[in-house]
Amino acid sequence: MAMMDMECSLKFLTSICMILFLLGSYAAYESVRLVDAREDNEKHYVTLQVDASNATGRPIPETLFGIFFEEINHAGAGGLWAELVSNRGFEAGGQIIPSSIWPWSIIGDESTISVVTDRSSCFERNKIALRMEVLCNSSGCPSEGVGVYNPGYWGMNIEEGKKYKVTLYVRSTGDIDVSVSLTSSNGSLTLASEQIIALASEVSKWTKKEVLLEANGTDDGARLQLTTTKNGSIWLDQVSAMPVDTYKGHGFRNDLFQMMVDLKPRFIRFPGGCYVEGDSLSNAFQWKETVGAWEERAGHYGDVWKYWTDDGLGHFEFFQLAEDLGAAPIWVFNSGISHNDQVETASIMPFVQEALDGIEFARGDANSTWGSVRAAMGHPKPFDLKYVAVGNEDCWQKYTYYKGNYLEFYNAIKKAYPDIKIISNCDGSSQPLDHPADYYDFHVYKLAKELFSMSHKFDKTSRDGPKAFVSEYAVNITDANTGNLLAALGEAGFLLGLEKNSDVVGMVSYAPLFLNTNDRRWIPDAIVFNSSHLYGTPSYWLQQFFTESSGATLLSSTMEGNSSYVEASAISFQSNGSDYIQIKAVNFANVTVELKVKMTGLDSKVSAKKKKVLTSASVMDENSFSNPEMIAPQETILVMPEGNLTFVLPPYSFSSLDLLKES
């Protein structure tokens, strides 16, 4: 009994202790919660002193903000490049036959059709073709036919009323009657169909056939089918399906192209990135394999990002893209280095010649060796190439030949094209480079707080020598998840610092630009899409705040007050014949900030015109297909008393304030 009483007492004391612990924890929680609540309601005060006189203003480079396109996350193949067929030439399975035809699949069973690859193609650089042996018995083939289908890149987006051009090469030992159809994902519903009918004499050799399909329905998971009910052998190769409606007919998906246009990029860096290097040199991007007729392009396996590209988006198309965007092309070429191998400087000259030929393709006249290839592709006028980058992230200790290789490229290019600006991979932000360059590449992926704190990274960089090209920056996945407000705000502080240091920072671009949601190789990204829909992440919308910065004038400004979590800048620019002053500010804390702008040096009155704010209920919020603009700039018209330039910066927000200079 005594023992039981003791046990009961212990249990009672334990219970009391647990209750006291929980009460204490609750009190601590309430204390933290109340502190947070006080922080939410507390207002902090910051003053931005701006000298608006022309005497202290400094021109911002015309090229400051641009974009970087890399073939990653199926950004091009299955993305910006509007080709609907994946593995159109049956080359993705390799050169050893029989090979895989994925993602092509067979319609029918073993009793009705046999499908195999062989090396009978008429194209020398891609010899694999598909052979269909139709084996239907005396009672005939199924009424729907047998054959193959291609689902594209996770489904083809087919829209009612729109037209699609299907091109293929075919040969046969007999007459053919092939149905070319766009159908629903399981083939049960036909959205468009046409017949290719030909006598044996007409297709005894490889013959190009084209059909135009107009869709009578919509399906964003559709597929292309090639079927027949006639026995015999049919060979197929280079099967393409392209929407007729692409940007200027140049092959770019309209909605993705428009997302780039809305950033008003002053340059576009391409085609990579690691895509340029390859894990091995044999799989690096080789520009000569990507020009000429699309049917004759070999395609290649990108072994860094682990997928096949047919190279429809090739060297020519990248320059065409830059021209269509009105952006300066920046071509990144291989420096003789991949992730796992490198060419000694003594053997680098073939790579140097490859680069010189690639420049001639872009800039040479229509009678030059490689300029004539460009002209034959429909662009006799040279492209305006003024920037090239020698390699990507190659100036590391393990790449012992980079600097030697770089000098060979530099000397040869400057001799042939003295006006071209050359970008080195070596970082010159902390100490001067030991070799000549016009720009040096700078890449940074950090936590949000770390990147925000790098707003002063270039404050003490030497003002002499080459400028920085910050060609890749982003808050990394640890903080950003798949792209949230926190990431955008961390990047905002960094970008404001780059804008204020634009005397030593010449160009800036986010990375990566695109992500097909079905192939998340790298996150976060600026623009997320599938076959039919897209949205911009907060990092994308942030970039839109800087569209007036390139070519503007940076105004001298200083901050007063508790500004450890606030960064701001001031610029002046012209738009539609009017003069504006723009204040941009990021609030990287969970407090409300009242920003008072004091201006000196004005030669006219200013009036507040509009305010744009990027914020959300939670700093961890993200956009999505179901809510694509949950976090997007909210614009309001400003009405303020004359001379009172005081603005509220909400907690965790980025704001821009446009002030009109009255004449």
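Residues numbered from 1 in each chain as written. Predicted model: local features only at pLDDT ≥ 70, side-chain atom pairs only at ≥ 80, totals over all residues. Heavy atoms only, no water.

A. Here's a closer look at the overall build of the protein. A tally of helices and strands in the protein yields eleven helices and 35 strands. Viewed in the frame of its principal axes, the protein has a C-alpha envelope of about 95 × 85 × 55 Å. Going through the 663 residues of the protein one by one, you find that 55% of them count as buried. Across the protein, the fraction of contacts at a sequence separation of at least 24, relative to all contacts at a separation of at least 6, is 75%. Split by element, the accessible area of the protein, about 28,000 Å² in all, is 52% carbon and sulfur. (Helix = DSSP H or I, 4+ residues; strand = E, 2+ residues; numbered from the N terminus. Buried < 20%, exposed > 50% of the residue type's maximum accessible area, 1.4 Å probe, protein only. Contact = heavy atoms within 4.5 Å. Areas by Shrake-Rupley, 256 points an atom, 1.4 Å probe, with all protein chains shown as cover.)

B. Seen up close, the pattern of salt bridges. Taken as a whole and assessed by the stated rule, the structure comprises 30 salt bridges. E133 is the salt-bridge partner of R131, the closest N and O atoms lying 2.9 Å from each other. Here D519 ties to R521 by a salt bridge, and the two come within 2.9 Å at their closest N and O atoms. Assessed through its relative accessible area of 9%, D519 is described here as buried. Taking the relative accessible area as the measure of exposure, R521 reaches 41% and is therefore partly exposed. Salt bridges here are not isolated pairs; linked through shared partners, they connect K165, K208, E210 and E295. (Salt bridge = Lys/Arg side-chain N within 4 Å of Asp/Glu carboxyl O.)

C. Up close: the pairing of strand 1 (residues 43-51). With nine bridges connecting them, strand 1 and strand 31 (residues 592-600) associate as parallel partners. Paired with Q49 across the two strands is K598, which belongs to strand 31. Bridge count between strand 1 and strand 28 (residues 556-561): six bridges; the pairing is antiparallel. Bridge pairing in strand 28 places V46 opposite G561. (Pairing = 2+ DSSP bridges.)

D. Broad picture of the state of the cysteines. Taken as a whole, this structure holds two disulfides when the rule is applied. At a sulfur-sulfur separation of 1.7 Å, the disulfide partner of C136 is C141. Here the disulfide of C136 and C141 is right-handed, its torsion about the S-S bond being about 100°. Each sulfur of the disulfide joining C395 and C426 lies 2.0 Å from the other. (Disulfide = S-S within 2.5 Å.)

E. Layout of the confidence of the model for the protein. With 94% of its residues at a pLDDT of at least 70, the protein reaches an overall mean of 92. Below pLDDT 50 for its whole length, residues 1-40 participates in five contacts with residues either more than four positions away or in separate chains. (pLDDT = per-residue confidence, 0-100.)

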